[in-house]
Amino acid sequence: MTRKKVPAPPQFTAKFGYSQATRAGNFIAVSGTAPRGEGGGVVCQGDVYGQARQVLLNIQNSLEALGASMRNVVRSRVYITDMEHLWDIGRAHLEFFADIEPAVSLVEVERFFDPEVMVEMEVDAVVD
């Protein structure tokens, strides 16, 4: 089976051996995605809605690099550090997925690798 990949940041690839996204046949898996900007740093510190939007933009970029779009997403998983932010994250999720309505899991976690990160997401997509 042929695989296409979107590389993870080099500092993580060397230590964990993974890709940001992988396509195998018509299936795409996008790894847990943090709210990192162009320079690699966390953006929108303290703003969970802004971080959620950046996460979704990063996911969109990964999907497009593998020949897909947000319309191909069939499942998303959302990880947050505080369930009080549920509706702020939901608002960002709705902006990208209102017409698609993928299956969703939402999990509260104690913290992420980078303490400035308030939300991460991962998705699965299927390309026709």
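The structure we're discussing is the one just above.
What you are looking at is a predicted structure, and each value in this text was computed from that prediction instead of being measured.

S.K.: Quick one: what's the story with the overall build of the chain, residue by residue and with numbers?
M.R.: Looking only at helices and strands, one finds three helices and six strands in the chain. The linear arrangement of helices and strands in the chain, starting from the amino end, is β-α-β-β-α-β-α-β-β. For a compact globule of 128 residues, the expected C-alpha radius of gyration is about 14 Å, and the chain comes in at 14 Å, within 12% of that figure. With the C-alpha coordinates of the chain rotated into their principal frame, the extents come out at 40 × 35 × 25 Å. A buried classification covers 43% of the 128 residues belonging to the chain. Sequence separation of at least 24 residues holds for 69% of the intrachain contacts in the chain that already meet a minimum separation of 6. Summed over its atoms, the accessible surface of the chain is roughly 7,200 Å², and 50% of this surface lies on carbon and sulfur atoms. Within the chain, the 17 negative side-chain charges are centred at a point lying 10 Å from the centre of the 12 positive side-chain charges.

S.K.: So, the environment of Y49: which residues are in play, and what are the values?
M.R.: With respect to the helices and strands, the residue Y49 is situated in helix α2 (residues 48-65). Placed 70 residues apart in sequence, Y49 and V119 show a C-alpha to C-alpha distance of 9.1 Å. The contact partners of Y49, leaving out residues within four places of it in the chain, are D88, R91, A92 and E95.

S.K.: A description of α2 should follow, citing residues and the corresponding values.
M.R.: Taking 1.5 Å as the rise per residue, α2 with 18 residues should run 26 Å; its terminal C-alpha atoms sit 26 Å apart, in good agreement. Among all positions of α2, only V48, Y49, G50, Q51, A52, Q54, V55, L56, N58, I59, S62 and L63 are buried. Along its buried surface, α2 packs onto β1 (3-7), β2 (19-24), β3 (27-33), β4 (73-80), α3 (86-97) and β6 (119-126). If you check the start of α2, you find a side-chain oxygen 3.3 Å away from the backbone N of Y49, and it comes from D47. G67, located one to two residues past α2, shows a positive phi value of around 80 degrees.

S.K.: Describe a nonpolar patch on the surface, with residues and values.
M.R.: Taken together, the side chains of F27, V74 and V126 present a nonpolar region at the surface, about 220 Å² in accessible area. Within the secondary structure, F27 is located in strand β3. For F27, a relative accessible area of 37% gives the class partly exposed.

S.K.: Just give me the short version of the pattern of salt bridges, but keep the residues and values in it.
M.R.: Tallied over the full model, the rule gives four salt bridges. A salt bridge links E95 to R53; the nearest nitrogen and oxygen atoms lie 2.6 Å apart. Highlighted residues: E95 in helix α3 and R53 in helix α2, separated in sequence by 42 residues. The class for R53 is partly exposed, based on a relative accessible area of 29%. Each member of the salt-bridge network shares a partner with another, and the members are R77, E122 and D124.

Reading the values: the criteria
- Residues numbered from 1 in each chain as written.
- Predicted model: local features only at pLDDT ≥ 70, side-chain atom pairs only at ≥ 80, totals over all residues.
- Heavy atoms only, no water.
- Helix = DSSP H or I, 4+ residues; strand = E, 2+ residues; numbered from the N terminus.
- Rg over C-alpha atoms; globule rule 2.2 N^0.38 Å.
- Buried < 20%, exposed > 50% of the residue type's maximum accessible area, 1.4 Å probe, protein only.
- Contact = heavy atoms within 4.5 Å.
- Areas by Shrake-Rupley, 256 points an atom, 1.4 Å probe, with all protein chains shown as cover.
- Lys, Arg positive; Asp, Glu negative; His and termini not counted.
- Charge placed at Lys NZ, Arg CZ, Asp CG, Glu CD.
- Expected span 1.5 Å × (residues − 1).
- Polar contact = N/O pair within 3.5 Å; in protein donor to acceptor, adjacent residues only side chain to side chain.
- Patch = residues over 30% accessible without salt bridge, like charges linked within 9 Å, V, L, I, M, F, W, Y side chains within 5 Å.
- Salt bridge = Lys/Arg side-chain N within 4 Å of Asp/Glu carboxyl O.

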